[in-house]
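Coordinate analysis (summary)
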Amino acid sequence: MSTYTVSGRFQSRDGFQPFTKDVEAENEDLARERIYTTVGSQHSRKRTQIEIEEVSAA
């Protein structure tokens, strides 16, 4: 498993809130999925309200 740094933004009441998170995943697609599930559950947002701008290997 590799560590990926994922940055993007999600929709909030005041507009968009930027985020940067490090996740462990086997590839970039799974890192994106992990971000959708964690950010979505922590902030009660749907996938359409989360925009991932960059995924890079850390």
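Computed from a predicted structure; not experimentally measured. (Residues numbered from 1 in each chain as written. Predicted model: local features only at pLDDT ≥ 70, side-chain atom pairs only at ≥ 80, totals over all residues. Heavy atoms only, no water.)

1. Let's talk about the UniProt feature "domain: Large ribosomal subunit protein eL20" (unreviewed entry) in the protein
As recorded in UniProt, the sites labelled "domain: Large ribosomal subunit protein eL20" (unreviewed entry) are residues 1-56. Within the segment residues 1-56, helix and strand shares are 29% and 52% respectively, and the terminal C-alpha atoms sit 14 Å apart. (UniProt positions renumbered as here; feature names shortened; annotations may be inferred. Helix = DSSP H or I, 4+ residues; strand = E, 2+ residues; numbered from the N terminus.)

2. Let's talk about helix α1 (residues 28-43)
For α1, spanning 16 residues, the distance from its first C-alpha to its last is 22 Å, which sits close to the expected 22 Å at 1.5 Å a residue. What α1 keeps buried is the set A31, I35, V39 and G40. Relative to the axis of α1, the buried residues are bounded by an arc of 150° and lie together on one face. In this structure, α1 carries D29 and S41 as exposed residues pointing more than 90 degrees from its buried face. In this structure, the buried residues of α1 make contact with β1 (2-12), β2 (15-25) and β3 (50-57). The opening residue of α1, the one whose side-chain oxygen lies 3.2 Å from the backbone nitrogen of D29, is N27. Trailing α1 by a residue or two, S44 shows a phi angle of about 55°, which is positive. (Expected span 1.5 Å × (residues − 1). Buried < 20%, exposed > 50% of the residue type's maximum accessible area, 1.4 Å probe, protein only. Arc of directions from axis to C-beta. Contact = heavy atoms within 4.5 Å. Polar contact = N/O pair within 3.5 Å; in protein donor to acceptor, adjacent residues only side chain to side chain.)

3. Concerning the sheet that holds β3
As summarised here, the arrangement of the three strands in space is β2-β1-β3, forming an open sheet in which the pairing is antiparallel. The open sheet is flanked by β2 and β3, the only strands paired with a single partner. Across the sheet, the axes of successive neighbouring strands diverge by a mean angle of 20°, strand direction being ignored. Two elements, β1 and β2, share eleven bridges in a ladder whose sense is antiparallel. Considered in β2, the bridge of S12 is made with G15. (Pairing = 2+ DSSP bridges. Axes fitted to C-alpha atoms, helices over the stretch in contact; angles between N-to-C directions.)

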